[in-house]
Amino acid sequence: MIQFESVDKWYGAMQALAGVSGEVRRGEVKVLVGPSGCGKSTLIRTVTRLEAIQGGRVLVDGVDVGARGVNINRLRQRVGFVFQAYNLFPHLSAIGNITLGLTKLRKMGKAEARERALAELARVGLAAKAEEMPGKLSGGQRQRVAIARSLAMDPEVMLFDEPTSALDPEMVGEVLAAIKQLATNGMTMICVTHEMGFAREVADEVWFMERGAVVERGRPADLINSSAHPRLQRFLRTLA
Amino acid sequence: MLEILQNNWLLFLVGQYPHGPIGGLAMTLFMALTALALCFPFAICLALARLSPYRWLRLSATAIVHTVRGLPLIMFIFWTYFFSPLIIGRAVGGVETLIIALVVYEAAYLSEIIRAGIQGLPKGQFEAASALGLGYWTTTWKIVLPQALHNMLPSMVSQFVSTIKETSLGYVISAHEMTFAASQVNNVLLTQPFEVYAILALTYFVLCFALTSLARYIERRISAGRVAVATPAVAVAV
Amino acid sequence: MGYIFDLRGVLSGQYFDWFLIGLAVTIALTCAAWCLAMTMGIILTLIRMIPFRPFEWFVALYVEYHRNVPLLVQIFVWYFGVPSLLPRPARQWINGHHGEFLLATIALGLAAAAYVAEDIRSGIRSIPKAQNEAARSIGFGYLGAMGYVVLPQAIRIAVPPLINQTLLLFKNTSLAMAIGVGELTYRTREVESYTFKTFEAFAVATAIYLAISFGIMACGAYAGRRLKLENA
Ligand SMILES: Nc1ncnc2c1ncn2[C@@H]1O[C@H](COP(=O)(O)OP(=O)(O)OP(=O)(O)O)[C@@H](O)[C@H]1O
Ligand SMILES: [Mg+2]
């Protein structure tokens, strides 16, 4: 579904990604961990070309994302992206945030779009907040609306960039529950997160990144408890 | 165009001086500087009044500021023109009239800048001052105003630019400044109005653009300084 | 001083009409220049979005000229200067068709456009890049993201400063008196010189200016409150 082929990314003279390779198969859940600034966000942002890359290739369904002539807007509809800071549109209500893409991109009728949006909101437990403006929602509710907004476009893959790290602790659970449910239903996902309990439960594989490269990878149970990966252990201790 | 400039540059610069009253660019600058300097104390008082804990003081200062902001400058100039002789009891020249009108007008605008500057200060400053046991006036003079005025320096330069531009209204009451000088040149030449007014516009442009650029430069310097001060605090927090 | 304030002298008969006509011209001038300013301001914003250096320079020069030259001088350039560059028939047409009103409209409108363009630009700039990214991530292209997400928010931010520009434009129409446009200030001076009731004449004009200005300010305050968005 997604393939990274020795991806290089430079910010000026600073190398943010150094030859990252890896594959995410359909239905798999990968969790990305690593210290701040190691390139986690950058890596998943290359999947929808939010960041251009300077070397290597990123393939989605066998199509080179960076190739000329790729309809990037179509591709982005198929790959959902959830941001750390939610990035809801503050001028639209919760449901307006969701119907915007449906009516303008999917060309759905108003009624149909509303129905679909309400279904998505119900899925994340927010049907009652449909008409609320984002400014009036809590952080956890905002993030769930953002997830519903992505899901409404029927993506085949979901990318999460630290979806819970801007949240107050008591709201982390509700957002993680929504993501877990997605995983259970077989959604392909890459999730940047430091919630190791979550990783243990849903991840097929954990990738540990350092300085722009994936330095360890493996099943969560193997990685998290084994003493064979001292750097990872040291990092995990800093989280606790 | 060059020829016009060659024959009239002195008129543009100093008006009819030394054969008549001083005018031109010299007078424009003099009036702008004087007006700004004179309005300063009023502006500070207005700003403090607008931030004062006394309701009546706050309301009357707000009323003054809004009234001034609601009127065209030209109205002020005419009020001053007709009524300052009655109040002062003697004839008042164009230059004095314009300066008086500008002082009132600019004081209202400048007070808004000062108020914003004071409100922009971190609250900790006030708390620190009261923790030291300083009174209102000491806090205001020694702590609030110096910082606020420093941060406002760019806005102040912009205000000077506005004042320079506003002195051009001296034309309507025949105050001898640069726009008036240009109209005199135009009246003599008659045939080249575009050239004359282009020279005038260009002169204002060079002067005001230089000052605007200076304001931007100061702005950058000040905000760079702020970041430098702020960084260690962040480092400590992490 | 033994002076009796008496508005009847300046508010009766033809003088009342003069004030009315003056007010009408002031409003007409404000509206005409406002339309020009908005149109030109939007055009300048669009030009500035084209990633081609000379276009950016042109807009920058346009903005700096209009911000750094006194408005009265700009009016003089248009009124005294520009017609002298035109061919004779055009000049005659202008003179025959209230040229002073037309040229004052152009001068006021083009000057205000520079400020309008700046307000719109800072409105757009104040929208976080993340909003654009979120829109692009759903699948919107440049225009879709701009049109459905960035601009609607930018406009909300730009409206209060634009209302303030409207206030300034309204006040600045008074400068048109210097080239003989019969707007409110000009008529006030006429009433004053016919009746010698200086105080009353200017009191009436001041009251009219203040009433309209306060109306515009109130709109600005209301819009500022209504359009404010909480970040999300
Ligand atoms: N727009 C940019 N310009 C220059 N450098 C950047 C830019 N964005 C990111 N970087 C740098 O690239 C590196 C990787 O950044 P990235 O955001 O991917 O890290 P991250 O692993 O997501 O960190 P965090 O956990 O803090 O989100 C960092 O060193 C960062 O400073
Ligand atoms: Mg990140």
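Residues numbered from 1 in each chain as written. Chains lettered and ligands numbered in written order. Predicted model: local features only at pLDDT ≥ 70, side-chain atom pairs only at ≥ 80, totals over all residues. Heavy atoms only, no water.

Q: Requested: an account of the nonpolar core, with residues and values cited.
A: Judged by nonpolar contacts, the single largest core of 119 residues is most densely connected at B:Phe12, B:Ile114 and B:Leu200. Top contributing element to this core by residue count: helix H5 (residues 94-119) of chain B, with 13 residues. Not counting residues up to four positions away in its chain, the partners in contact with B:Leu200 are B:Phe12, B:Met178, B:Thr179, B:Ala182 and C:Val73. In terms of nonpolar packing, the next biggest core, distinct from the first, is built from 89 residues, A:Phe4, A:Val58, A:Val65 and A:Leu232 among them. (Core = buried A, V, L, I, M, F, W, Y, C linked by side-chain atoms within 4.5 Å. Buried < 20%, exposed > 50% of the residue type's maximum accessible area, 1.4 Å probe, protein only. Helix = DSSP H or I, 4+ residues; strand = E, 2+ residues; numbered from the N terminus. Contact = heavy atoms within 4.5 Å.)

Q: Give me the interface of chain A and chain C: which residues, what numbers.
A: Contacts between the two partners involve 25 residues from chain A, matched on the other side by 20 residues from chain C. Carbon and sulfur atoms make up 60% of the surface buried where chain A meets chain C, a total of about 2,100 Å² over both sides. Put simply, chain A and chain C have one salt bridge between them. Among the ionic pairs, C:Glu133 bridges to A:Arg45, the shortest N-O distance being 2.5 Å. Summed over the shared surface of chain A and chain C, the result is three residue pairs in polar contact (both at pLDDT 80 or more). Of all the secondary structure elements, the ones that give two or more residues to the side of chain A that touches chain C are helix H2 (72-78), strand E6 (79-82), helix H3 (94-104) and helix H5 (139-151) of chain A. Among the residues making up the side of chain A that touches chain C, the classes are represented as 13 nonpolar, six polar and six charged. (Buried area = accessible area lost by both parts, 1.4 Å probe. Salt bridge = Lys/Arg side-chain N within 4 Å of Asp/Glu carboxyl O. Polar contact = N/O pair within 3.5 Å; in protein donor to acceptor, adjacent residues only side chain to side chain. Nonpolar A, V, L, I, M, F, W, Y, C, P; charged D, E, K, R; others polar.)

Q: Which residues make up the pairing of strand E10 (residues 213-218) of chain A, and what values go with them?
A: Residues and elements named next belong to chain A. With five bridges connecting them, strand E9 (residues 205-210) and E10 associate as antiparallel partners. Following the sheet pairing, methionine 209 is matched in E10 by valine 214. Linkage of E9 to E10, two consecutive antiparallel strands, is achieved through a turn of two residues, within which arginine 211 is found at a positive phi near 40°. (Pairing = 2+ DSSP bridges.)

Q: How would you explain the site of ligand 1 if you had to name every residue and give the values?
A: All names here are of chain A. Taken together, Tyr11, Met14, Ala16, Ser36, Gly37, Cys38, Gly39, Lys40, Ser41, Thr42 and Glu162 are the residues near ligand 1. Within the contact set of ligand 1, a nitrogen atom lies 3.3 Å away from a side-chain nitrogen or oxygen of tyrosine 11. Here an oxygen atom of ligand 1 and a backbone polar atom of glycine 39 are 3.0 Å apart. Contact with the protein chains removes 58% of the 630 Å² of surface that ligand 1 exposes when unbound. Breaking the shell around ligand 1 down by element, the ones donating at least two residues are strand E2 (14-24) and helix H1 (40-47). With three residues, H1 is the largest single contributor of residues to the shell around ligand 1. When its residues are assigned to classes, the shell around ligand 1 shows four nonpolar, five polar and two charged. (Near = heavy atom within 4 Å. Areas by Shrake-Rupley, 256 points an atom, 1.4 Å probe, with all protein chains shown as cover.)

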